[in-house]
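Examining the three-dimensional arrangement
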Amino acid sequence: MVEFDLSPLLGVRPGEQLAFELDEGPQRLEDISVSFLRGSLTFIRVQGGVLVEGRVETQIELVCVRCLEPFLFDTTFDLEETIGLPGRRRPGITYTLTPEGRFDIAPLLREQVWVEVPIKPLCRPDCHGLCPVCGQNLNEGTCGCHIDPVDPRMAVLASLLTGERE
Ligand SMILES: [Zn+2]
Ligand SMILES: [Zn+2]
C-alpha cells in the first residue's frame, strides 16, 4: 500500500495541486514485485476528479524465459490517470479516493508496471539458456553433453536422402 493524503484537494477549485515524491523500497504489487519505486507525482484537482501525473522509475523482479533465473529489469514510465472523487462512480474511472480523501496508488502502479514487462523477459539479450539435456545454465559454463548442432529438420532431410540412395 502506497497511500497519499489528497484531502486538501477535495474542497477546492480545479487547478489546485499537490506534489509528492515517491520513494519506496521493495514492494509487492499484488502479483508482481519491484525493488523500488521512485519518482515525482503531481495531483491536480480537475472537474469531477483528481488528475495524477508523473514519471516513475522502478526495477521489476522478473524470471528469464531462457535460463529461468530471476533478474532485475530497470524501467521508467509515465503516469497519467484521473482518479474519481469519493463515492462517485463514473464511466472510464477505475480508481477513486476514499471518503477521507486518501488514495492508495499501488493498484495503479501495478497496472503500469505490468505494461512495462516484456513479452519474453531475458536476463540479457544473448542469454545462452539451459542445456536441453542436463539443464546446466549455459551462461555459467558448458556441460559435457553432446548436442547435435544439426537442425532436426535438416537431419530428417538427410536421412531421406540417404534412404533414396539405397
Ligand atoms: Zn537468461
Ligand atoms: Zn548438458
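Residues numbered from 1 in each chain as written. Chains lettered and ligands numbered in written order. Predicted model: local features only at pLDDT ≥ 70, side-chain atom pairs only at ≥ 80, totals over all residues.

**Some details on the overall build of the protein chain**
In terms of helices and strands, the protein chain carries 2 helices and 7 strands. The N-to-C order of helical and strand elements in the protein chain reads β-β-β-β-β-β-β-α-α. Expressed as a percentage of the 166 residues in the protein chain, the buried residues total 13%. Sequence separation of at least 24 residues holds for 53% of the intrachain contacts in the protein chain that already meet a minimum separation of 6. (Helix = DSSP H or I, 4+ residues; strand = E, 2+ residues; numbered from the N terminus. Buried ≥ 20, exposed ≤ 12 C-beta atoms within 10 Å, placed from the backbone. Contact = placed C-beta atoms within 7 Å.)

**Focus on the confidence of the model for the protein chain**
Of the residues in the protein chain, 88% have a pLDDT of 70 or more, and the chain-wide mean is 91. For the protein chain, per-element mean pLDDT is lowest for helix α2 (residues 152-165), which scores 59, and highest for strand β5 (residues 49-63), which scores 98. (pLDDT = per-residue confidence, 0-100.)

**Overview of the nonpolar core**
Membership of the largest hydrophobic core comes to 17 residues, with the highest contact counts inside it found for Leu6, Val50 and Leu109. Going through the elements one at a time, β4 (32-46), β5 and α1 (106-116) are the ones with two or more residues in this core. Among the elements that line this core, the one with the most residues is β5, at 4 residues. Residues contacting Leu6, with those up to four places away along its chain left out, are Leu18, Phe43, Val50, Leu97, Gly101, Arg102 and Phe103. (Core = buried A, V, L, I, M, F, W, Y, C linked by C-beta atoms within 7 Å.)

**Remarks on unusual backbone geometry**
Even without a glycine there, the phi angle at Glu30 is positive, about 60 degrees. By secondary structure assignment, the location of Glu30 is in the loop between β3 (27-29) and β4. With 11 C-beta atoms packed within 10 Å, Glu30 lands in the exposed category. Positive phi, close to 65 degrees, is recorded for Leu68, a residue that is not glycine. Relative to the helices and strands, Leu68 resides in the loop between β5 and β6 (70-84).

**Looking at the environment of Arg102**
Here Arg102 shows up in strand β7 (residues 102-104). Overall, the presence of 14 C-beta atoms within 10 Å leaves Arg102 in the partly exposed class. Remark: the alpha-carbon pair of Arg102 and Pro8, spanning 94 residues in sequence, is separated by 10.0 Å.

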